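Structure assessment
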Amino acid sequence: MAITPLDRLLEYKMHLLTDSRQPRVFATWWQDLATAGFATWFFAGLALSVNARARGWEDGFLTWPHLVFFMGFLATAAWIAWILVRAHRGDGRTGASAVPHGYGPAIVGAPLFVVAGLADLLWHQVLGSQSAFASLLSPTHLVLIAAAVLIAGAPWLSAWRRQALGVDPESIPLEARMAAPALSLGLVVAALVLFLNYLVPYAGTPAATALMLETDVPIPVAGMVFTTVFTLALVLLVSGRFRLPTGFFTVALAPAALMCAALTGFENGPYVWVFIVSGAWLDFLVWTIRPELRRRRDLLVFAGAWALPVWAGFLIATGSATDTWPVAEIGIGAPVVAAVAGALFMLVVQPEQRREPRSVPVEPSPFDDVIARAKAMTANKSESQ
């Protein structure tokens with residue numbers, strides 16, 4: 001039976017999918033930076049879509065912000081595919097061996113995004129468009145954002161794997177080496193802020209926040225507590241793994257700040273600036289207090305030193321923008337509550353270390369006698385043999 005060109009093509013595809021069992025390599029710093037750059041285009045399209053929905057400009061699936069979003073996805077997927085092709089042509093790598101460390105989830109995320117996008121198109125055709133809040137809980141939207149996170153997080157996971165495996169970093173300045181992980185992490189945080197925006201005070205407008213505080217609705221204060229704990233957890237996660245350059249958290253929180261702006265149609269300018277300044281303040285505290293040392297007292301100081309001025313600034317921005325100032329109890333108590341919640345979180349992750357182990361009386365177990373007899377019988381049997 002003659003072999004057709006289609007047979008040869010299928011055979012070649014199977015060859016590409018077969019693992020060549022070569023040691024996997026890492027993407028270079030500039031490849032990670034390019035991946036983060038393309039992913040930024042990808043997420044910029046998402047922010048445009050969110051902004052258009054907030055302003056009432058779009059209704060449906062086929063809109064120009066969605067076009068920018070999907071074009072950014074195609075550019076990012078094509079770039080990652082080029083990295084794999086380059087590995088195959090250069091070293092003959094195939095299968096998993098051609099995938100750089102940290103890029104495995106992105107390989108899963110790309111086809112998952114396509115499937116979810118088609119499912120979302122069908123969803124819109126059948127059920128129409130959703131409300132702003134319902135769209136955050138739409139199954140197809142949740143799968144889409146999960147796939148986007150898998151793709152955009154590749155540079156961050158690459159740096160994480162390099163550190164976990166103890167691979168020597170590339171001989172370039174620290175700022176250049178950590179630029180891609182910072183931007184990649186920032187995109188992941190932006191995705192989380194988008195889908196959890198009801199828990200993030202920056203995602204509202206000063207007018208809405210002032211109205212809730214004036215009518216004793218505690219949602220903004222609850223958001224302060226959540227955002228504080230989330231931010232401190234992020235600091236502990238990152239500082240415990242990497243040596244950080246100055247400005248890391250400013251870069252990492254900037255995409256989230258812009259996403260918060262898009263959620264309101266860019267009507268919360270004061271909050272965006274407070275968000276960005278909070279990232280710069282976070283960098284300063286990391287540089288001075290050094291949370292990577294995990295000293296309990298310093299972690300408690302870190303929690304209070306970040307939460308108190310940041311949320312005080314948030315409330316001042318609210319009052320300045322609306323001329324509706326919160327009562328003194330809320331203006332003073334809300335930042336204090338957030339700081340205390342952050343301190344309690346630090347106590348959980350870094351409890352007091354005892355110098356001497358506490359002695360606990362141990363009562364005899366009813367199984368101790370049975371275990372002793374079994375050991376004796378085994379020993380006797382070994383000696384008889």
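Residues numbered from 1 in each chain as written. Predicted model: local features only at pLDDT ≥ 70, side-chain atom pairs only at ≥ 80, totals over all residues. Heavy atoms only, no water.

Here's the deal with the nonpolar core
- In this structure, Y202, F248, F249, F302 and W311 are the most contacted members of the largest nonpolar core, which totals 51 residues.
- Looking at this core, the elements that each hand over two or more residues are α7 (154-164), α9 (179-195), α11 (219-239), α12 (248-263), α13 (269-289), α14 (296-322) and α15 (328-349).
- In terms of residue count, the dominant contributor to this core is α14 (ten residues).
- With residues near it in sequence (within four places) discarded, Y202 still touches T227, C260, N268, Y271, V274, F275, S278, V310, W311 and F314.
- By size, the runner-up hydrophobic cluster in this structure holds 33 residues, among which are A39, A47, I83 and A154. (Core = buried A, V, L, I, M, F, W, Y, C linked by side-chain atoms within 4.5 Å. Buried < 20%, exposed > 50% of the residue type's maximum accessible area, 1.4 Å probe, protein only. Helix = DSSP H or I, 4+ residues; strand = E, 2+ residues; numbered from the N terminus. Contact = heavy atoms within 4.5 Å.)

Some words on the confidence of the model for the protein
- Summarising the model, the protein shows a mean pLDDT of 84, and 82% of its residues fall at 70 or more.
- The low-confidence segment residues 6-16, where pLDDT is below 50, has eight contacts with residues more than four positions distant or belonging to other chains.
- In the model, residues 354-362 has pLDDT below 50 throughout and makes zero contacts with residues more than four positions away in sequence or in other chains. (pLDDT = per-residue confidence, 0-100.)

Some points on the packing of aromatic side chains
- Following the criterion strictly, the structure yields 24 aromatic pairs and no others.
- A ring pair is formed by F42 and F69, whose centres lie 5.0 Å apart and whose planes are at 20 degrees; its orientation type is stacked. Of this pair, F42 sits in helix α2 (residues 29-55) while F69 sits in helix α3 (residues 64-91), and the two are 27 residues apart along the sequence.
- Measuring from centroid to centroid gives 6.2 Å for W306 and W311, while their planes differ by 90 degrees, and the two rings are edge-to-face.
- Under the relative-accessibility criterion, W311 is labelled buried at 0%.
- Chaining the aromatic ring pairs together yields one cluster made of F42, F43, F69, F70, F73 and F113.
- Geometry around F26 places R162 over its ring, the cationic atom sitting 4.6 Å from the centre. (Phe/Tyr/Trp six-rings, centres within 6.5 Å; stacked < 30°, edge-to-face > 60°. Lys NZ or Arg CZ within 6 Å of the ring centre and 35° of its normal.)

A few points about the environment of A280
- Topologically, A280 is positioned in helix α13.
- In this structure A280 comes out as partly exposed when scored by relative accessible area, which is 38%.
- In this structure, the C-alpha to C-alpha distance between A280 and L253, residues 27 residues apart in sequence, is 9.1 Å.

Here we look at α15
- Taking 1.5 Å per residue as the helical rise, α15 with its 22 residues ought to reach 32 Å, and the 32 Å between its terminal C-alpha atoms agrees with that figure.
- Among the residues of α15, I330, A334, P335, A338, A339, A341, G342, A343 and M346 are the ones counted as buried.
- Buried residues belonging to α15 abut α10 (206-214), α11 and α14. (Expected span 1.5 Å × (residues − 1).)

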